[in-house]
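Notes for the structure review
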Amino acid sequence: MNEKKGSAAALLPLGVFMLLFLGVSIIMKDFYKMPVVVALIIASTIAILQNRKIPIELKVERFCRGAGNSSIILMCLIFILAGAFAEVSKAMGAVDSTVNLGLSVFPSSLMVAGIFIIGSFLSMSLGTSVGTIVTLTPIAVGISHKTGLPMAFLIAAVVSGAMFGDGLSMISNSTVAATKTQDCEMVDKFKANIKIVFPAALITLIIYAFLTVGININHTGAYNYEFIKILPYLAVLAVALTGFNVILVLVGGIVLASIIGLIYGSFDIFTVFQLCAKGIAGMEDISMISILIGGIGELIKFNGGIDYILHAIQKRVHSKKGAEFGIGILVSLVDLCTANNTVSIIIVGSLAKDMSESYGVDRRKAASLLDTFACFVQGCIPYGAQLLVASSLAAISPFLIMKYLCYPYLLGIASILAIILGVPKFKTPAKSGLKLEDQDSSSIGT
């Protein structure tokens, strides 16, 4: 069991960031008043200046280690490739054709619910909620412009579907981390997870459908589309279903969209390069934010902030339900600090396993709780990669999206009820899983 008491003072950078980013925005009633990057730089400076006993060079080195974490860099790579894909596809006409096809096929009253379903399947296939969001957000934005539906409403449906699918995906890093740290099979964790998350997803679907019933849709022209221009999105989805590497999927999407655009005369080869550069530039902010959050998270851990959280929760656990709540609270608090659900699961994993063994919590339940609570927090925090990339692509505040985020909120409620009601119940012993080293780095759970 972890006996390190840690330091509450190490959490100061996170508090400063929250105060600057959220506090200033709420007080000024303007969520663009305090740029996220500036708030993170101030918090980073405080984190580096803390703990004067440690040489500043070592603290800077640890900050860089966290900022350069493989999961952070992989996220940034997904961001820039997705930005290039989105820009080239849009210029080629893929977004307009895809939006018009959707509007001509699906009833307007089910459009938001349909986006949630599509996001769920795509995320489950890709194994990445971020990759799903960057793929579907441009389409959701186009639907909003065509129909007059609130953009934040549609983007929230994208994020909700992405988080639902990511939590159930067999190739998601968060799933891999949860199962391997708890030494159980992925299929067992899936069966446990589905009993917790499906009711939340079903209620979300009903709410989204109910909120759009009878809504007045503004039709802004004929819904004309060219099927060949939809191929890049279909190809990305089809290849993703095979479990192919998400990086190669996006690269292939860029190449296919470029070829179609060149054939149809939408642009020339040099314009393709310029569009890629424009798309990549549009992802600079979100990439920098992810890097800074990774660095701050590493320093909070280095200075004892994570140990403080682990110790504070662990010493209050005295029963099986207490252990289950402890696991959920631990991974939630660590995710608040790191803004990365996979990293938070890995950090809490060993302690969660110790608590489970000490208080008789089934390892499948422990793995499921790690995943559901981490996904709940990750889908809600306005400085997490999911909401930041969605708000960046849609050019709206993440707080506007949070108003419509049904699934993450319901997931949190469902996870708590699962502990209180003892769901799911297991009739057979859990089988052991593989080692953590077997994790497939081709996907990312964030």
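Structural notes, computed from the coordinates. Note that the coordinates shown come from a computational prediction; the quantities given were computed from them, not determined experimentally. (Residues numbered from 1 in each chain as written. Predicted model: local features only at pLDDT ≥ 70, side-chain atom pairs only at ≥ 80, totals over all residues. Heavy atoms only, no water.)

Re the overall build of the protein
In terms of helices and strands, the protein carries 21 helices and zero strands. Put simply, the protein has 446 residues, and 57% of those count as buried. Long-range pairs, those at least 24 residues apart, make up 82% of the contacts in the protein between residues at least 6 apart in sequence. If you sum the accessible surface of the protein, you get close to 18300 Å²; carbon and sulfur atoms cover 68% of it. (Helix = DSSP H or I, 4+ residues; strand = E, 2+ residues; numbered from the N terminus. Buried < 20%, exposed > 50% of the residue type's maximum accessible area, 1.4 Å probe, protein only. Contact = heavy atoms within 4.5 Å. Areas by Shrake-Rupley, 256 points an atom, 1.4 Å probe, with all protein chains shown as cover.)

Considerations on helix α9 (residues 173–181)
The element α9 is extensively covered by neighbouring structure, given that nine of its nine residues are classed as buried. Inspection of α9 places Asn173, Ser174, Thr175, Val176, Ala177, Ala178, Thr179, Lys180 and Thr181 among the buried residues, and these make up the whole buried set. Those residues of α9 that are buried are in contact with α8 (151–168), α10 (186–212), α17 (341–359) and α18 (363–378). Note on α9: the residue one or two positions beyond its end, Asp183, has a positive phi of about 55°.

Thoughts on the packing of aromatic side chains
Taken as a whole and assessed by the stated rule, the structure comprises eight aromatic pairs. Ring geometry for Phe164 against Tyr407: centres 5.5 Å apart, planes inclined by 70°, an arrangement best described as edge-to-face. Here the residue Phe164 occupies a position in helix α8, and Tyr407 occupies one in helix α21 (residues 406–421), the gap between them amounting to 243 residues. Exposure class is identical for Phe164 and Tyr407. Each is buried. Within the aromatic cluster, the residues linked to one another by ring pairs are Phe116, Phe153, Phe164, Tyr208, Tyr404 and Tyr407. (Phe/Tyr/Trp six-rings, centres within 6.5 Å; stacked < 30°, edge-to-face > 60°.)

Quick word on the pattern of salt bridges
In this structure the tally under the stated criterion is eight salt bridges. A salt bridge links Glu61 to Arg65, with the shortest nitrogen-to-oxygen separation between them at 3.4 Å. Taken together, the residues span about one helical turn, with Glu61 and Arg65 both in helix α3 (residues 56–67) at a distance of four residues. When its relative accessible area of 46% is taken as the criterion, Arg65 is described as partly exposed. The shortest N-O distance in the salt bridge between Arg363 and Asp183 comes to 3.6 Å. Of this pair, Arg363 sits in helix α18 while Asp183 is found in the loop between α9 and α10, placing the two residues 180 residues apart along the sequence. (Salt bridge = Lys/Arg side-chain N within 4 Å of Asp/Glu carboxyl O.)

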